[in-house]
Structures are given as C-alpha cells and as structure tokens.
Protein chains: 2
Amino acid sequence: MTIPVETFFLAQGAGGTLQQQIRAMIADGILAGRLRAGDKLPSSRRLADHLGVSRITVTLAYTELVAGDYLSARGRSGHYVSETAPVRPEAVGRPDGRGSAVDWGRRMVRDFSGHRIVGRPEDWRSYPYPFIYGQADPALFDHQNWRQCALRALGRRDFDALTEDYYERDDPMLIEYVLRSLLPRRGIVAEPSEVLLTLGAQNALWLSAQVLLGPGRRAVTENPCYTGLRSILGQTESEVVPVDVDEEGLPPDVLPQGADVVFVTPSHQSPTNATMPVERRLALLERAQRDDFVIVEDDYEFEMSFLRPAAPSLKSLDTEGRVIYVGSFSKSLFPGVRLGYIVASEAFVREARALRGAVLRHPPGHVQRTVAYFLALGHYDAHLNRLHQAFRRRRVVMNEAIREAGLTVAGRGDFGGSSFWMAAPEGVDTEDLARRLRERGVLIEPGRQFFAPGREGGNAYRIAYSSIAPGKIPEGIARIAEAIAERA
Amino acid sequence: MTIPVETFFLAQGAGGTLQQQIRAMIADGILAGRLRAGDKLPSSRRLADHLGVSRITVTLAYTELVAGDYLSARGRSGHYVSETAPVRPEAVGRPDGRGSAVDWGRRMVRDFSGHRIVGRPEDWRSYPYPFIYGQADPALFDHQNWRQCALRALGRRDFDALTEDYYERDDPMLIEYVLRSLLPRRGIVAEPSEVLLTLGAQNALWLSAQVLLGPGRRAVTENPCYTGLRSILGQTESEVVPVDVDEEGLPPDVLPQGADVVFVTPSHQSPTNATMPVERRLALLERAQRDDFVIVEDDYEFEMSFLRPAAPSLKSLDTEGRVIYVGSFSKSLFPGVRLGYIVASEAFVREARALRGAVLRHPPGHVQRTVAYFLALGHYDAHLNRLHQAFRRRRVVMNEAIREAGLTVAGRGDFGGSSFWMAAPEGVDTEDLARRLRERGVLIEPGRQFFAPGREGGNAYRIAYSSIAPGKIPEGIARIAEAIAERA
C-alpha cells in the first residue's frame with residue numbers, strides 16, 4: 001500500500017537533527033512491522049510539506065535509508081520499503097511500554113466473556129464434511145441477483161437510504177415488504193408501528209430481553225435451547241428457568257408459576273427440530289393469559305418448511321398482543337447480512353426502538369434497501385424455492401445415509417428445516433466425538449452447549465445439511481458412525 | 001407486487017363452502033388494505049395446490065370476485081386486484097381485536113424511550129437552507145468508487161466475508177487497514193487484538209459504557225456534550241457528573257473526585273468545537289493516573305482537521321493503556337454506513353467483543369469489506385481530500401456571512417470541523433428560533449439538547465455546513481440574523 005503522509009509524526013522533544021529524526025521515525029516503523037516490504041513512501045516533497053521541514057532534509061534521510069537497505073529507490077516511481085529490510089524479531093509481539101497499568105478485572109462491571117459461544121473452526125469451509133449449522137451455501141445462493149439488488153440500492157436515487165442516519169426509523173420500503181409479503185405467510189397482520197428491524201434475530205432477542213427482564217424477573221427457556229439466548233439472558237440478571245422440551249416442543253402444563261417472559265421456538269424447536277402442534281400453541285397462549293406472561297416467539301427457520309406448509313405462528317393466534325415475534329433473514333439469505341425483525345405491540349416496539357437507537361442506531365441503510373429490492377423483485381421467493389428443492393434432496397440423502405449407518409435420530413423435523421438432532425449411544429461423549437471427527441475432516445456440533453448447565457440430556461449432537469454437498473453426505477455420515485462405533 | 005401464494009390461509013373452522021371461504025379470504029385482504037390495487041394474484045392452479053382444493057373452486061371464486069369488482073382479469077396474464085376495488089374506510093387504523101391486553105408499562109424494566117433524540121425533520125433535504133450536522137452531501141461523496149468497492153466486495157471471491165456469521169471476529173482485511181492506515185495518523189500503534197469494529201461510534205460508546213459502568217460507578221461527561229452519550233449513560237444507572245467545558249475543552253483540574261470513567265472529545269469538542277491543547281491532554285492523563293480513572297476518547301471528527309494537522313490523540317500519549325479510543329466512519333464516509341471502532345487494552349476489548357457478540361454479533365460482513373476496499377484502493381484518502389477542499393471553501397463563506405450578518409460565534413474550531421457553535425443574544429430562546437426559521441426554510445440545531453438538564457449555558461445553537469451548498473449559505477445566515485433580530 002501507499003503509506004499516507006498523515007501517518008508520519010515527529011515525536012515531540014526528540015533529540016538529534018531533523019534528518020536523524022526522520023530516519024529514526026521510518027526505521028522504527030519498519031522494525032515494528034507497521035511499514036512493510038513493498039509499501040510506497042510519500043514523495044519527499046509531500047512528506048517535507050507535511051512535517052514542515054525542507055525537502056532536502058527528507059531527501060537526505062531517504063538516501064541514508066536506502067543505503068541501510070530500509071528503503072529501495074525505484075527511479076521516478078519513488079521510494080518503497082525494501083523487500084530485504086531489517087525486521088526486529090520481537091516486532092510481532094506487543095510494542096514496548098504499551099501494556100496496561102489498569103486493573104481491568106476490577107474495572108469491568110460484569111463478566112461478558114464468561115458466556116462464550118462454542119464456534120466452528122474458522123476454516124470450516126476447507127473441511128470435506130462440514131455438517132455445520134446455519135451458514136450459507138455459495139452453490140445455492142443467488143449471487144447474481146443479490147449483486148444486482150445491492151447495486152441498485154447503491155444508485156443515486158437511493159442515496160438517502162444508503163447514507164442517512166435514521167436514528168430510530170427504518171427503511172419504509174423494507175417495512176412495506178415485511179408487512180405485505182413476509183408476515184402474511186405467517187398469518188400475521190401488523191402495522192408499521194408494530195415492526196422493528198434488528199441486527200439479526202440475536203439482536204431482536206437481546207432487545208426483547210433487555211426491555212422485559214432484570215433483577216427480580218423470571219424468564220423461561222426451552223431446554224435445550226439456542227445457545228445465543230443463554231448468554232443474552234445471563235446479562236439481564238433475571239432468574240432463568242429452563243423447561244425440558246418433548247417431541248412436541250415446550251409443554252405448557254409444566255411451566256413454572258410466576259414467569260414474566262417465556263422464550264419459545266414453536267416452528268422448529270432449536271435445536272431438536274420439534275414442531276409444536278396447534279393445540280399446544282393454543283394451550284400455551286391460554287396459559288400466558290391466565291398467568292399474565294409475555295411470549296417471545298423465535299420463528300428463526302419458518303421459511304425452511306419445505307415438507308409441509310408451516311404451522312400458523314403463535315403470533316397469528318395471539319388475540320391479546322402478548323406475543324413478541326422474532327423473524328430473521330439469517331437462514332433464508334445468509335447470517336452475515338445481519339438483519340432480522342420484531343413484530344409486537346406498539347408500546348413494546350417503541351421501547352425496543354429507543355433502546356436500539358441508543359445501542360446502535362439502526363441496521364445499515366444499504367443492507368435494508370438491498371433486502372427490500374431482493375424481496376420486491378421476486379428474487380427472494382425464487383431463492384427460497386431453490387433452497388427448498390436442494391434441502392429436500394439433501395434431506396433424502398441424509399435420511400438414507402443415517403439409516404444405512406444405523407445412527408439414531410432424536411429429532412427429525414416434520415416440516416423440513418436444515419438439520420437433524422441426533423443421539424449417540426450411552427457412554428459416548430459427543431464433545432470427544434466431535435474432536436475425533438474433526439481430525440477426519442468431519443464437523444458436527446456436540447449437544448452439551450445447547451443445554452442448561454447441569455441439565456444435559458443424553459449424548460446429543462446436531463448435524464446440518466445446509467452447507468454440505470449431497471455427494472459428500474454418505475461418506476460423512478459413515479465416518480460419524482465409524483467414530484461412534486470405536487467408543488460404544 | 002405479485003402476492004406470494006404462501007400468504008393465503010384458510011381460517012380453521014370457518015363456515016361456508018370452500019369457494020365462499022376463498023372469496024372471503026381475498027375480499028378481507030383487499031378491504032383491510034393488505035392486498036392493494038394492481039397486486040397480482042397467484043394463478044388459480046398455484047393457489048389451488050397451495051390450499052389443497054380443486055382448481056375449479058379457485059377459478060369460480062376468482063370469477064365471483066371479478067364480478068364484485070374486487071379483482072380484474074387481464075386475459076392470459078392473470079388476475080389483479082381491481083383498481084376500483086372497494087376499500088373499507090377504517091382499514092387504515094388498527095385491525096379489530098389486535099389491541100394489547102398486556103400492561104406494557106408495568107412489564108418493561110426501564111424507560112428507554114424517555115431519552116429521546118431531538119431529530120431533524122425527515123424531509124430535511126427538501127429545505128433550502130439545511131445547516132444540519134453530520135449528514136453526507138451527495139455532491140461530495142465518491143459514489144462511483146464506493147459502488148465499485150461494494151461490487152467488488154460482493155464478488156464470488158469474497159463470498160465468505162459477505163455471508164458468514166463471524167460471531168466475535170472482524171474482517172481481517174479491514175482491521176489491517178485500520179491498524180496500518182488510519183490509526184498511525186493519530187499516532188496510535190495497536191495490535192489486532194486491541195481493535196474492535198462497532199456499529200458506528202454510538203455503538204462503541206454504548207459498549208464502553210456497558211462494560212465499565214453500573215450502579216455505584218461515577219461517569220464524567222463534558223457539558224455540553226454529544227446528546228447520544230447522555231441516553232447511553234442514562235441506561236447504565238451510574239452517577240453522571242457533567243463538567244463545564246471552556247474554550248480549551250474539558251478542564252482536568254476541576255474534575256470531581258472518584259470518577260471511574262471520563263468521556264471526552266479532545267480533537268473537536270462536541271458540540272463547541274474546542275480543541276484541547278497538548279498540555280491539557282497530558283494533564284488529563286496525569287490526573288487519570290493519579291485518580292486511577294479510565295478515559296473514553298471520542299475522536300469522531302479527527303479526519304475533518306483540514307486547517308491544521310490534527311493534534312496527537314490522547315491515546316497516542318497514553319503510556320498506561322488507560323484510554324479507550326473511539327473512531328468512526330460516520331463523518332468521513334456517511335452515518336448510514338454504521339461503522340466505527342474501539343482501540344483499547346486487550347482485556348477491555350475482549351469483554352466489549354463478547355458483549356457485542358451477545359447484542360448483535362458483528363457489523364454486516366459486506367459493509368466491512370466494502371470499507372476495506374475503499375481504504376485499500378486509495379479512494380478514502382481521495383475522498384477526504386475532496387471533503388477538505390469543499391469544507392474549507394464553505395467555511396470561508398460561512399465566516400464571511402456570519403461576520404456580515406453580525407452573528408456571534410461561540411466556538412469556531414481551529415482545526416476545521418464541519419460546524420460553528422453560536423451564541424444568540426440574551427433572551428432569545430433558540431428552540432423558538434429554530435421553529436420560526438424552519439418555516440422559512442432554514443434548519444438550525446438549538447443548543448439546549450446538548451446540555452445536562454439544569455445546566456444549560458446561554459442561548460446556544462449549532463450551524464453546520466456539511467450538507468448545504470456554498471451558494472445557499474449567505475442567504476441562510478441572513479435569515480437567521482433576521483429571525484434573531486425580531487426577538488432581540
């Protein structure tokens with residue numbers, strides 16, 4: 001890169017001549033690794049102007065640096081950091097004197113990093129058998145039209161949508177499409193004032209928890225549940241009661257008394273894939289009314305219902321405005337888009353919007369407008385169709401491979417989805433299993449992270465088919481069976 | 001738009017024949033305003049498949065709806081909502097039975113919407129004299145190259161950067177450019193583990209406050225200060241002590257005892273434009289060391305130093321790792337990009353990163369990569385140069401117009417910036433002034449919102465020149481003077 005002239009300062013009160021100071025400044029930058037082989041230096045005139053010294057001073061300093069092999073001169077094109085410039089070996093570490101004198105442990109009010117997400121390896125795409133959940137498959141994404149929409153959203157006509165600071169507003173075009181095209185698929189009728197765009201479903205759940213929970217409040221979660229929710233609730237300092245799910249999801253009749261908020265994933269229970277039948281949904285709403293609690297419905301994967309039409313959302317059955325509905329584009333588009341939404345009573349949305357304003361203002365305008373075009377031009381529906389077809393095919397291959405390998409499915413998902421919730425035989429530690437499989441190119445998700453501490457159920461693991469080519473599935477599943485057999 | 005077939009449901013347990021139910025479902029949608037004139041209906045075959053009814057049932061329902069002028073048939077191209085379809089007048093309001101039975105006031109743990117931002121009118125761009133702060137000027141922005149960079153960031157090679165869920169990681173390419181190109185201009189040397197990308201400076205300040213403040217902690221702010229900071233600190237339930245700034249910014253010798261965190265804007269005090277001299281910066285750091293407090297340095301406008309090179313940042317003078325540095329692309333690019341960064345000790349960044357992960361995961365990958373390319377290809381520096389030249393010209397016009405109109409500048413900014421902090425004569429209410437000017441096409445920002453309640457100083461207002469064409473400035477300033485004269 002060309003090194004910007006603004007990055008050069010003469011240290012105040014430094015000793016030596018100006019020429020020496022300039023030489024030291026550049027040599028130090030190279031030794032510390034800030035300036036790297038091949039970087040281009042500003043012209044001697046620009047640097048002299050910037051530092052307020054004469055040009056000859058800079059020229060002489062450059063000449064000396066060339067003699068010491070810090071720089072190389074390439075004729076008229078100027079000076080570059082030499083490819084063979086000296087490097088101080090310890091330059092990789094922390095620069096001297098920049099350690100912290102502050103006792104940060106004492107400074108910080110809460111321990112946020114205690115709640116860690118168990119991640120995938122960063123280079124997961126290089127594994128041949130990635131049964132990884134929730135990432136986009138480049139082979140299925142409609143790159144071409146997404147680019148077209150992004151480009152259109154960058155047009156001059158959309159300059160305001162792109163650049164402006166909305167404070168608390170959302171892109172009216174996207175809100176319109178959410179209201180008229182997405183929510184009706186879930187049977188939900190809403191006004192613009194009842195919708196809030198968020199930085200993904202994670203952000204929607206976080207905002208909901210912050211508005212509704214605090215010390216002295218009681219939250220109910222499914223057990224097992226989405227791992228991100230556990231770290232969110234941990235930050236609220238409220239009491240969290242995990243309730244074990246069964247094959248129909250969260251059972252309303254065993255909910256504890258005195259709940260303030262119940263977090264639930266009725267469409268595809270996360271991570272077991274159970275779908276809550278309509279009768280149970282109605283029973284849950286009735287219980288909410290009787291006990292006067294609020295429900296947060298995380299409908300993160302409804303668009304992955306490709307085996308049967310999705311069951312009506314809790315929100316669509318909610319006549320009392322008790323349900324806070326959370327939707328997301330992470331699964332239908334890709335997680336890096338960081339866009340989701342809340343649909344709830346206006347009073348709630350008003351508070352969540354004000355909180356969002358203080359925390360982050362709003363999701364970037366360009367992202368909002370790009371998604372709006374993608375919806376408006378029909379690419380979204382076409383993309384979902386493509387996803388559905390591909391997932392249906394992969395699912396057939398998964399089912400067959402699982403049967404052939406003799407693995408046990410604990411939760412299959414009657415409506416589709418993108419994963420299987422599996423049970424290893426008694427005595428198999430699935431975290432150990434995951435480690436061993438990783439060495440053989442297979443990535444699975446061990447189940448323990450989804451359970452409340454001390455409430456782990458069985459030897460669960462999850463395998464998803466959203467990022468693995470169908471041709472790789474049989475061998476991947478066979479390797480899982482093999483690794484299990486070694487320990488069982 | 002084409003109405004997606006998935007938005008149609010037959011209500012459970014509805015009376016009448018299937019054909020009647022389909023008719024009612026569509027007519028209700030039209031009456032409620034969900035389906036609008038010109039919307040295209042699914043073909044009778046698709047709808048029949050979706051609802052699980054025979055095609056003739058749908059065809060007959062459509063025919064009836066055409067007869068009732070709900071739909072119009074356009075030959076082979078299908079059925080559309082009729083341009084003259086009946087509309088129920090009350091359809092604009094809230095649909096029946098969707099009010100909330102929940103006492104949201106009692107439900108919500110804190111009052112977030114109490115801290116409101118005093119916004120500009122949404123249609124501010126249509127005002128001829130918008131002395132509005134902090135928005136991008138389409139005439140100055142390098143649209144062409146921004147689009148090129150965005151397009152490049154959408155390329156297949158960058159698919160992972162675009163789509164992936166990083167959890168807690170940032171785009172390594174952007175981090176590299178922040179470390180090597182931006183931070184050195186502020187004299188800051190940092191490692192990747194000491195940098196965190198945020199959803200703009202607002203998000204950076206919010207994260208810092210959340211990690212460091214809570215009940216029993218004491219925060220110091222400048223008075224007046226950035227309005228967004230006040231709503232952030234209000235949420236921490238810590239004690240907030242506002243300290244009046246003078247023409248050199250925050251005076252270290254009058255800081256209260258027992259501060260935990262001091263929030264400061266040394267480069268361009270927000271909103272007065274005062275620049276803190278180096279001696280005072282050193283004194284502030286010395287005081288921080290003696291009293292063992294942490295400093296959050298909001299360097300939101302350092303790239304707008306076009307009159308003189310920016311003074312060294314506090315962070316560059318900080319040998320103890322006490323300073324949390326906040327940078328932003330909102331002023332140099334545009335606020336809707338929602339991208340900023342924190343530079344701080346590793347222990348602090350680790351916590352802030354974990355908190356960010358729970359709150360929103362990460363800024364969208366595409367935004368990160370687009371900015372990275374904009375920096376890498378040199379467009380950022382070229383864009384800053386263009387901004388500097390334009391702002392310098394506008395500033396000259398502003399100075400001249402202000403002098404001619406006899407207005408009083410309270411804070412001018414020796415290094416540049418994009419605004420003037422003004423003082424109206426005693427007895428002029430600048431909120432009333434702003435209202436009256438708005439009717440005459442002039443937008444100014446009254447000063448009261450920047451002050452701590454009960455600590456308002458004088459009759460301040462702010463006028464910015466970042467979004468007004470130079471040709472409009474003299475007349476705009478003249479109108480301000482005129483409106484002031486009416487009341488003084």
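Residues numbered from 1 in each chain as written. Chains lettered and ligands numbered in written order. Predicted model: local features only at pLDDT ≥ 70, side-chain atom pairs only at ≥ 80, totals over all residues. Heavy atoms only, no water.

Our next topic: the overall build of chain A. Tallying secondary structure elements over chain A gives 16 helices and 15 strands in all. With the C-alpha coordinates aligned to their principal axes, the bounding extent of chain A is approximately 85 × 55 × 50 Å. For chain A, with 488 residues in total, the buried portion stands at 61%. For chain A, the computed accessible surface area is about 18,300 Å², with 49% contributed by carbon and sulfur atoms. (Helix = DSSP H or I, 4+ residues; strand = E, 2+ residues; numbered from the N terminus. Buried < 20%, exposed > 50% of the residue type's maximum accessible area, 1.4 Å probe, protein only. Areas by Shrake-Rupley, 256 points an atom, 1.4 Å probe, with all protein chains shown as cover.)

Time to look at the packing of aromatic side chains. In total, this model carries 27 aromatic pairs over all chains according to the counting rule given. Both rings, one in A:F348 and one in B:W104, keep their centres 5.4 Å apart while their planes meet at 50°; by these two values the pair is tilted. Here B:W104 lies in helix α4 (residues 104-107) and A:F348 lies in helix α12 (residues 346-360), a pairing that spans two chains. We note that A:F348, like B:W104, is buried. With 5.9 Å between their ring centres and 75° between their planes, B:F329 and B:Y380 make a pair best called edge-to-face. You can see B:F329 sitting in the loop between β9 (323-328) and β10 (340-343) and its partner B:Y380 sitting in helix α14 (residues 379-405), a full 51 residues away along the chain. There is no split in this pair, since B:F329 and B:Y380 are both buried. Pairwise contacts between aromatic rings join A:F141, A:W146, A:F334 and A:F374 into one cluster. In this arrangement the basic side chain of A:R74 is found over the ring face of A:Y80, its NZ or CZ atom lying 3.7 Å from the centre. Just above the ring of B:Y133 sits the side chain of B:R462; from NZ or CZ to the centre is 3.8 Å. (Phe/Tyr/Trp six-rings, centres within 6.5 Å; stacked < 30°, edge-to-face > 60°. Lys NZ or Arg CZ within 6 Å of the ring centre and 35° of its normal.)

Residues and elements named next belong to chain A. Burial runs high along strand β8 (residues 294-298): five of the five residues are buried. Of the two faces of β8, the one holding V294, V296 and D298 and the one holding I295 and E297 are both buried throughout. After leaving strand β7 (residues 261-264), the chain enters helix α10 (residues 278-291) and then returns to the sheet as β8, a path that is right-handed. Across four bridges, β8 lies against strand β9 (residues 323-328) in parallel orientation. Bridge pairing in β9 links V296 to I324. (Right-handed = clockwise from strand over helix to strand, strands pointing away. Pairing = 2+ DSSP bridges.)

Here we come to the side chain of A:D170. Residue and element names in this part refer to chain A. Tracing the chain through its elements places D170 in the loop between α6 (159-163) and α7 (172-182). A relative accessible area of 6% means that D170 is categorised as buried. A polar atom in the side chain of D170 sits 3.2 Å from the side chain of R353. In this structure, D170 is in contact with I175, V195, L196, L197, R353, R356, P363 and Q368, ignoring residues within four places of it in sequence. (Polar contact = N/O pair within 3.5 Å; in protein donor to acceptor, adjacent residues only side chain to side chain. Contact = heavy atoms within 4.5 Å.)

Along the polypeptide, A:G336 turns up in the loop between β9 and β10 (340-343). For A:G336 and A:L199, which are 137 residues apart along the polypeptide, the C-alpha to C-alpha distance reads 9.9 Å.

Here we come to the domain arrangement of chain A. By convention, interface size is frequently given as the accessible area that disappears when the constituent parts associate. All names here are of chain A. Each assigned domain of chain A is listed with its residue range as follows: domain 1 (5-92), domain 2 (124-138 + 382-487) and domain 3 (143-379). Taken together, the contact pairs 31 residues of domain 2 with 34 residues of domain 3. Here domain 2 packs against domain 3, burying approximately 2,700 Å² in sum over the two surfaces, 57% of which is carbon and sulfur. For the pair domain 2 and domain 3, the number of links is one salt bridge. (Domains from an automatic or database assignment. Buried area = accessible area lost by both parts, 1.4 Å probe. Salt bridge = Lys/Arg side-chain N within 4 Å of Asp/Glu carboxyl O.)

Residues and elements named next belong to chain B. At a minimum axis distance of 9 Å, the contact between α14 and helix α16 (residues 473-487) shows a crossing angle of 35°. The handedness of the crossing between α14 and α16 comes out as right-handed. Listed contacts from α16 to R394, V397, M398, A401, I402 and A405 of α14 are I473, P474, I477 and A481. Here the residues of the contact of α14 with α16 are counted per class, giving nine nonpolar, no polar and one charged. (Axes fitted to C-alpha atoms, helices over the stretch in contact; angles between N-to-C directions. Left-handed = near helix turned anticlockwise from the far one by under 90°. Nonpolar A, V, L, I, M, F, W, Y, C, P; charged D, E, K, R; others polar.)

Turning our attention to the relation of the copies chain B and chain A. Take chain B, turn it by 180°, move it 0.0 Å along the axis, and it overlays chain A with an RMSD of 0.1 Å. A rotation of that kind, with that shift, is consistent with a two-fold axis. Minimal C-alpha distance to the rotation axis in chain B is attained by B:L151, lying at 3.5 Å. Looking at chain B, 100% of its interface residues are interface residues in chain A too, so the copies touch through the same face. (Least-squares fit on C-alpha atoms with pLDDT ≥ 70 in both.)

The partner chain A presents 121 residues to the 121 residues of chain B that form the contact. Taken together, the two surfaces of chain B and chain A that pack against each other cover about 11,100 Å², and 54% of this comes from carbon and sulfur. Taken together, the connections running from chain B to chain A amount to twelve salt bridges. The residue B:E122 makes a salt bridge to A:R169 at a minimum N-O spacing of 3.3 Å. Summed over the shared surface of chain B and chain A, the number is 34 residue pairs in polar contact (both at pLDDT 80 or more). Of all the secondary-structure elements, those providing two or more residues to the side of chain B that touches chain A are α4, α5 (143-153), α6 (159-163), α7 (172-182), α8 (200-212), α9 (227-234), α12 (346-360) and α13 (365-376) of chain B. Element by element, the count of residues in the side of chain B that touches chain A is highest for α12(B), at eleven residues. Residues that form the side of chain B that touches chain A fall into these classes: 51 nonpolar, 29 polar and 41 charged.

What follows deals with the sheet that holds strand β12 (residues 419-423) of chain B. Residue and element names in this part refer to chain B. What the four strands build is an open sheet, ordered β11-β12-β15-β14; its pairing is antiparallel. The sheet is open, and its two borders are formed by β11 (408-411) and β14 (445-446), each paired with just one other strand. As defined by bridge partners, β11 adjoins β12 across three bridges and the pair is classed as antiparallel. Looking at the pairing, T408 lines up with A423 of β12. Here α14 sits on the sheet in contact with β11, β12 and β15 (460-464), set at roughly 15° to β12.

Turning our attention to the nonpolar core. In terms of nonpolar packing, the biggest core is built from 137 residues, with A:F329, A:Y341, A:I463, A:I480, B:Y341, B:I463 and B:I480 touching the most fellow members. B:I480 has contacts with B:F131, B:L407, B:L437, B:V442, B:I444, B:Y461 and B:I463, leaving out every residue within four places of it along the chain. By size, the runner-up hydrophobic cluster in this structure holds 70 residues, among which are A:A204, A:L212, A:V261 and A:V349. (Core = buried A, V, L, I, M, F, W, Y, C linked by side-chain atoms within 4.5 Å.)

This brings us to the sheet that holds strand β11 (residues 408-411) of chain A. Residue and element names in this part refer to chain A. If you walk across this open sheet you meet the four strands as β11-β12-β15-β14, and the pairing is antiparallel. The sheet is open, and its two edges are formed by β11 and β14 (445-446), each paired on a single side. Contacts between helix α14 (residues 379-405) and the sheet are confined to β11, β12 (419-423) and β15 (460-464), with β12 contributing the most and set at about 15° to the helix.

Residues and elements named next belong to chain A. Two elements in contact, α7 and helix α13 (residues 365-376), have axes separated by 8 Å at closest approach and are oriented at 40°. When the interaxial angle is binned, α7 and α13 end up oblique. For the element pair α7 and α13, the recorded crossing hand is left-handed. Contacts from M173, L174, Y177 and L182 of α7 reach α13 at Q368, R369, V371, A372, Y373, L375 and A376. Here the contact of α7 with α13 is built from residues that sort into nine nonpolar, one polar and one charged. (Parallel < 35°, antiparallel > 145°, perpendicular 65-115°, else oblique.)

A separate point is α9(B). Burial analysis of α9(B) places six of its eight residues in the buried class, the great majority of the element. Every buried residue belonging to α9(B) is among B:T227, B:G228, B:L229, B:S231, B:I232 and B:L233, and all of these are buried. On its buried side, α9(B) packs onto α12 of chain A together with α8, β5 (218-223), β6 (239-244) and β7 (261-264) of chain B.

The subject of this paragraph is the environment of B:Y380. Residues and elements named next belong to chain B. Look at Y380 and you get buried, because its relative accessible area is 1%. Taking the C-alpha atoms as reference, Y380 lies 38 Å from N459; in sequence the two are 79 residues apart. With residues up to four places along the chain from it excluded, the contact list for Y380 reads L182, E303, F329, S332, L333, F374 and L375. A polar contact is formed between the side chain of Y380 and the side chain of S332, at a distance of 2.7 Å.

We now examine the confidence of the model for chain A. When the pLDDT values of chain A are averaged, the result is 89; 94% of them are 70 or greater. In the predicted structure, residues 91-97 of chain A sits below a pLDDT of 50 and forms twelve contacts with residues beyond four places in sequence or in another chain. (pLDDT = per-residue confidence, 0-100.)

Take the pairing of β12(B) next. All names here are of chain B. Of all five residues in β12, four are buried; the element is thus mostly enclosed. In this sheet, β15 lies alongside β12 in antiparallel orientation, the contact comprising five bridges. When the bridges of β15 are listed, S419 appears paired with A464.

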